[in-house]
Amino acid sequence: MSIDELQKIVDDWIKKYGVRYFDVKTNMIVLTEEIGEMARVIARQFGEQSKKEDETLSLSEEIADVLWVLTCIANQTGINLTDAIQKNIEKKTNRDNKRHIQNKKLNL
Ligand SMILES: [Mg+2]
């Protein structure tokens, strides 16, 4: 699935099942919740916290939740994610094309 297709699938789903998008501020709060759920999985799975007995952890599910809400926010604010990501990669490449290679902390 391309990023364009993702945006279309999310938009179609919202129109069919979601009635309408939550307003942007609500979706920002939902995004924060979902990032918190992702952080909880990482803390348990890769960090030093232990899993609770009845807890099921799925990093892929939580990342997909984050991506879903991000896509909702992009859709409702008129952002084409493909264009935004391409521009962002260009920015990072122009800005950081030597920075990490020259970072001695990364080349131990
Ligand atoms: Mg979640």
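Everything numeric in this text was worked out from a predicted model, so none of it was measured.

**Section: the overall build of the protein**
And then number 1: Tallying secondary structure elements over the protein gives 4 helices and 0 strands in all.
And then number 2: Reading the protein from its N end, one meets helices and strands in the order α-α-α-α.
And then number 3: For 108 residues, the compact-globule estimate of 2.2 N^0.38 gives 13 Å, and the C-alpha radius of gyration of the protein, at 18 Å, exceeds that figure by more than 25%.
And then number 4: Reported as C-alpha extents along the three principal axes, the dimensions of the protein are approximately 55 × 45 × 25 Å.
And then number 5: Taking all 108 residues of the protein together, the buried fraction comes to 5%.

**A closer look at helix α3 (residues 59–76)**
And then number 1: Compared with an ideal rise of 1.5 Å per residue, which puts 18 residues at 26 Å, α3 spans 26 Å between its outermost C-alpha atoms and is within 8% of the ideal.
And then number 2: Of all the positions in α3, only Val69, Thr71 and Cys72 are classed as buried. Buried residues of α3, viewed axially, fall in a sector of 155°; they line one side.
And then number 3: Where the residues of α3 are buried, they touch α1 (3–17), α2 (24–45) and α4 (81–96).
And then number 4: Positive phi shows up at Gly78, right after α3, with a value of about 75°.

**Brief notes about unusual backbone geometry**
And then number 1: Phi at Val19 takes a positive value of approximately 70°, unusual for a residue other than glycine.
And then number 2: Take Val19: it is sitting in the loop between α1 and α2.
And then number 3: Val19 sits in the exposed class, given 8 other C-beta atoms within 10 Å.

**Points about the environment of Asn107**
And then number 1: Here Asn107 lies in the segment after α4.
And then number 2: For Asn107, a count of 8 C-beta atoms within 10 Å puts it in the exposed group.
And then number 3: On a C-alpha basis, the gap between Asn107 and Asp23 in space is 45 Å, while along the polypeptide they are 84 residues apart.

**Observations regarding the packing of α1 against α3**
Helix-helix packing is characterised by the crossing angle of the two axes and by the distance between the axes.
And then number 1: Between α1 and α3, whose axes approach to 10 Å, the crossing angle comes to 85°. In this view, α1 runs roughly perpendicular relative to α3, as classed from their interaxial angle. Residues Leu6, Gln7, Val10, Asp11 and Ile14 of α1 pack against Trp68, Thr71, Cys72, Ala74 and Asn75 of α3.
And then number 2: Taken together, the residues that form the contact of α1 with α3 break down as 6 nonpolar, 3 polar and 1 charged.

About the cut-offs
- Counting restarts for each chain: residues are numbered from 1 in the order of the written sequence.
- It should be noted that, the model being predicted, local features are given only for residues of pLDDT at least 70 and side-chain atom pairs only at 80 or more, the latter also being counted only at that level, while totals for whole chains, interfaces and linings use all residues.
- Strands here mean DSSP runs of E at least two residues long; helices mean DSSP runs of H or I at least four residues long; both are numbered from the N terminus.
- For the radius of gyration, the atom set is restricted to C-alpha positions; the globular benchmark scales as 2.2 Å times the number of residues to the power 0.38.
- Counts of 20 or more other C-beta atoms within 10 Å of a residue's own C-beta define buried residues, counts of 12 or fewer define exposed ones, and intermediate counts define partly exposed ones; C-beta atoms are placed from the backbone.
- By this rule, a helix spans an expected 1.5 Å times one less than how many residues it contains.
- Note that the arc is computed from the directions linking the helix axis to the C-beta atoms.
- Contacts here follow a simple rule: the backbone-placed C-beta atoms of the two residues must lie within 7 Å.
- Where helices are involved, their axes are fitted lines through C-alpha atoms of the stretch in contact, as for all axes, and angles between N-to-C directions lie from 0 to 180°.
- Angular relationships are summarised with four words: roughly parallel below 35 degrees, roughly antiparallel beyond 145, roughly perpendicular across 65 to 115, and oblique for the angles in between.
- Under the convention adopted here, Pro, Cys and the residues Ala, Val, Leu, Ile, Met, Phe, Trp and Tyr are nonpolar, Asp, Glu, Lys and Arg are charged, and Gly plus all remaining residues are polar.

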